[in-house]
Amino acid sequence: QAEDGIRDAQESRGLGDVYKRQDIAADGIEISRHMSISDAHAAYRDYHRFPIISSSDAHEIDDIGKAATTFLMHEVTFREMLLALAGSEGRRIVY
């Protein structure tokens, strides 16, 4: 184990390694546009309770808008986004 008692001493290979022993307080998990939603569900089985969203995370102009997540909401507010992430009150993520 690493000195912090959280990570393995070996180099981390991503979310599944770094946080495998922690209780994550999050509303969802964002993945890269280079990973499909189904691949993310397979790769992060321990995090099945979280909705998965995708974004372009663009670092170059040509990459803007290449990935997006569609939310079914009544208005554009953070509260509505949280309801959509939770699948509450008729709001949801559209896959």
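You'll find the structure just up there.
Note that the coordinates shown come from a computational prediction; the quantities given were computed from them, not determined experimentally.

A. The overall build of the protein, seen in detail. For the protein, the count of helices and strands is 3 helices and 4 strands. The helix and strand sequence of the protein, counted from the amino end, reads α-β-α-β-β-α-β. Counting across all 95 residues of the protein, residues that qualify as buried make up 20%. Element-wise, carbon and sulfur atoms account for 50% of the exposed surface of the protein, whose accessible area totals about 7,000 Å².

B. Broad picture of helix α3 (residues 78-86). Among the residues making up α3, those that are buried are Glu80, Leu83, Ala84 and Leu85. Where α3 is buried, its residues contact β2 (52-54), β3 (70-72) and β4 (92-94).

C. Up close: the pattern of salt bridges. Counted according to the given criterion, the structure contains 4 salt bridges. Across the salt bridge formed by aspartate 63 and lysine 66, the nearest N and O atoms sit 3.5 Å from each other. Bridged by salt links that share partners, the residues Arg33, Asp63 and Lys66 form one connected network.

D. The environment of valine 94, seen in detail. Within the secondary structure layout, valine 94 lies in strand β4. Accessibility expressed as a relative area gives 35% for valine 94, which makes it partly exposed. Every residue in contact with valine 94, bar those within four places of it in the chain, is listed here: Thr70 and Leu72.

E. Fine view of the environment of leucine 72. Position of leucine 72 relative to the elements: it lies in strand β3. Separated by 13 residues in the primary sequence, leucine 72 and leucine 85 have C-alpha atoms spaced 9.8 Å apart.

F. Broad picture of the side chain of arginine 91. Its location among the elements puts arginine 91 in the loop between α3 and β4. Side-chain polar atoms of arginine 91 contact the side chain of glutamate 80, separated by 2.7 Å. Here the side chain of arginine 91 touches glutamate 89 through a polar contact of 2.6 Å, landing on its backbone oxygen. Other than its neighbours up to four places away in sequence, arginine 91 contacts Leu72, Met73, His74, Glu80, Leu83 and Ala84.

G. Summary view of unusual backbone geometry. In this structure, glutamate 89 is a non-glycine residue whose phi angle is positive, near 50°. Since its relative accessible area comes to 53%, glutamate 89 is described here as exposed.

About the thresholds
- Residues numbered from 1 in each chain as written.
- Predicted model: local features only at pLDDT ≥ 70, side-chain atom pairs only at ≥ 80, totals over all residues.
- Heavy atoms only, no water.
- Helix = DSSP H or I, 4+ residues; strand = E, 2+ residues; numbered from the N terminus.
- Buried < 20%, exposed > 50% of the residue type's maximum accessible area, 1.4 Å probe, protein only.
- Areas by Shrake-Rupley, 256 points an atom, 1.4 Å probe, with all protein chains shown as cover.
- Contact = heavy atoms within 4.5 Å.
- Salt bridge = Lys/Arg side-chain N within 4 Å of Asp/Glu carboxyl O.
- Polar contact = N/O pair within 3.5 Å; in protein donor to acceptor, adjacent residues only side chain to side chain.

Interpretation in functional terms is not warranted from these geometric data alone.
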